[in-house]
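Listed below are the residues making up each chain.
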Amino acid sequence: MEFNKYLDTSPEVAKALAENKPVVALESTIISHGMPYPQNVETALRVEQVIRENGAVPATIAIIGGRLKAGLSKEEIEYLGKTGYDVPKVSRRDLPVIVAKGMDGATTVATTMIIASLAGIKIFATGGVGGVHRGAETTMDISADLEELAMTPVMVICAGAKSILDLGLTLEYLETKGVPVIGYGTKELPAFYTRKSGFSVDYELDTPQELAEAFHVKQEVGLRGGMLVANPIPEKYSMEPDIINKAIDEAIEESRRQGIHGKDTTPFLLAKVKEITGGDSLDSNIQLVLNNAELAAKTAAELCRLG
Ligand code: PSU
Ligand code: MN
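These numbers were taken from a predicted model, which means no experiment stands behind them.

For the rest of this paragraph, the subject is empty space enclosed by the protein. Applying the stated rule across the entire model yields 3 cavities of 30 Å³ or more. In this structure, the largest cavity encloses a volume near 130 Å³. Lining of the largest cavity is provided by 13 residues; of these, Glu27, Ile30, Ala44, Val47 and Val289 occupy positions nearest its centre. Breaking the lining of the largest cavity down by element, the ones donating at least two residues are α2 (29-32) and α3 (39-53). With 4 residues, α3 is the largest single contributor of residues to the lining of the largest cavity. Grouping the amino acids of the lining of the largest cavity by side-chain chemistry returns 8 nonpolar, 4 polar and 1 charged. Roughly 70 Å³ of internal volume is contained in the second largest cavity.

This next bit is on the environment of Leu95. With respect to the helices and strands, the residue Leu95 is situated in helix α5 (residues 95-100). Between the C-alpha atoms of Leu95 and Leu68, which are 27 residues apart in sequence, the distance is 9.3 Å. Setting aside chain neighbours within four positions, we find Leu95 in contact with Ile63, Leu68, Val90 and Thr111.

Inspection of the secondary structure assignment puts Thr194 in the loop between β9 (181-184) and β10 (203-205). On the accessibility criterion, Thr194 (8% relative accessible area) is buried.

Let's shift gears to the environment of Ser281. Mapping Ser281 onto the fold places it in helix α13 (residues 280-306). Overall, the relative accessible area of 1% leaves Ser281 in the buried class. Ignoring sequence-local partners within four residues, the contact set of Ser281 consists of Tyr193, Met239, Ile244, Val273 and Lys274.

Reading the values: the criteria
- Residues numbered from 1 in each chain as written.
- Chains lettered and ligands numbered in written order.
- Predicted model: local features only at pLDDT ≥ 70, side-chain atom pairs only at ≥ 80, totals over all residues.
- Heavy atoms only, no water.
- 1 Å grid on protein atoms, 1.4 Å probe; cavity = no way out; pocket = protein on both sides within 12 Å on 5 of 7 lines; lining within 4 Å.
- Points joined across faces, edges and corners; volume = space filled by probe spheres on them.
- Helix = DSSP H or I, 4+ residues; strand = E, 2+ residues; numbered from the N terminus.
- Nonpolar A, V, L, I, M, F, W, Y, C, P; charged D, E, K, R; others polar.
- Contact = heavy atoms within 4.5 Å.
- Buried < 20%, exposed > 50% of the residue type's maximum accessible area, 1.4 Å probe, protein only.

So this is what it looks like as C-alpha cells:
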C-alpha cells in the first residue's frame with residue numbers, strides 16, 4: 001500500500017493490500033453516468049458482492065470532497081448513484097481542479113486507473129472502455145482512457161468496446177501505444193453487447209493464470225502501461241447484432257443533430273442506446289459487468305500468487 005497525501009484507502013482495502021491479498025478496483029462513472037438509478041447502485045453493490053464471492057476485496061474508486069477514494073462505503077455508492085449526472089465525470093485532465101476545489105467526481109477508466117495505481121491495486125473490472133470515436137478523423141475525439149492504458153500499470157478487464165466507437169481505429173491506437181489487447185477465450189474483439197465484432201485481437205488467453213502471467217512479465221521487464229482484457233458477454237445475455245447496431249447508428253445520428261461533443265458524447269450515446277432498446281441493453285450491460293468482476297477477482301488471486 002502506497003502513501004499519497006490526497007489518497008484515502010479504506011481500512012479493508014489497505015489491509016488486503018498489506019497482506020498481499022487480491023483486490024479489484026471498480027470505476028464510478030459507470031455508476032453516475034453509465035446507468036440509471038436505482039439499477040446503477042444495485043449493480044455496483046452486486047459487482048462488489050461477486051468480487052467477494054470470488055475471494056477478492058472490491059475497491060470502488062471515486063473522488064469525494066476532493067479526496068481520492070480507494071474503497072467506498074455503501075452510503076457513498078448510494079450517493080453517487082442517486083446524484084447521477086450532477087456528479088462531474090472526471091477523467092485525467094479534470095482531476096487537479098476537482099481535488100483542489102474539494103469537489104466530488106465520478107472517475108472514468110483513466111482516472112480509476114490513476115487512483116488504483118496510487119493505492120497499489122493492479123486489476124480493475126468494468127463494462128466498456130473509452131476509445132477512438134467514429135468520425136475522430138475530424139472531431140479528434142479519442143478517449144483519455146487509451147492514453148492511460150499506455151502509461152499506467154493496471155490490467156483493465158472489460159467486455160470489449162461498444163460500437164459507438166470506431167473499433168478498428170481503437171485497436172490501431174492501442175497498438176501504436178504498445179498496449180496488449182487480449183481476448184479472453186477468443187481471438188475476436190467482443191463488441192460489448194455482442195460476442196463478435198469482426199475485428200481480431202492480438203492474443204487469446206484462456207485462464208486467469210495466463211492473464212496474470214502476461215501482466216506480471218510486462219511489469220517485471222519494466223514496460224510501462226497496462227493491459228486490456230476483452231471478456232465476451234456470456235452467450236445467454238448477448239444481444240441481437242442487428243438490433244443493437246441499428247440502435248447505435250440512430251444514437252450517433254441524434255448526437256450529431258444535437259451537436260453533442262466532448263465529455264458528454266459517451267454518456268449521451270449510452271443513454272440514447274438504452275432508450276432506443278427499451279432497457280434491453282441495460283440488462284446486458286449489468287450481466288457483462290458481473291462477468292468481468294468474476295474474472296478480475298480470479299485473476300487478482302493469480303497475480304498475488306506470482307508475488
Ligand atoms: N463505455 C461504456 N460504458 C461506460 C463508459 C464507457 O460502455 O460507462 C464510461 C467509462 O467510465 C469510460 C468513459 O472511462 O465512459 C469514457 O468517456 P470518454 O469517452 O469521454 O473518455
Ligand atoms: Mn471523448
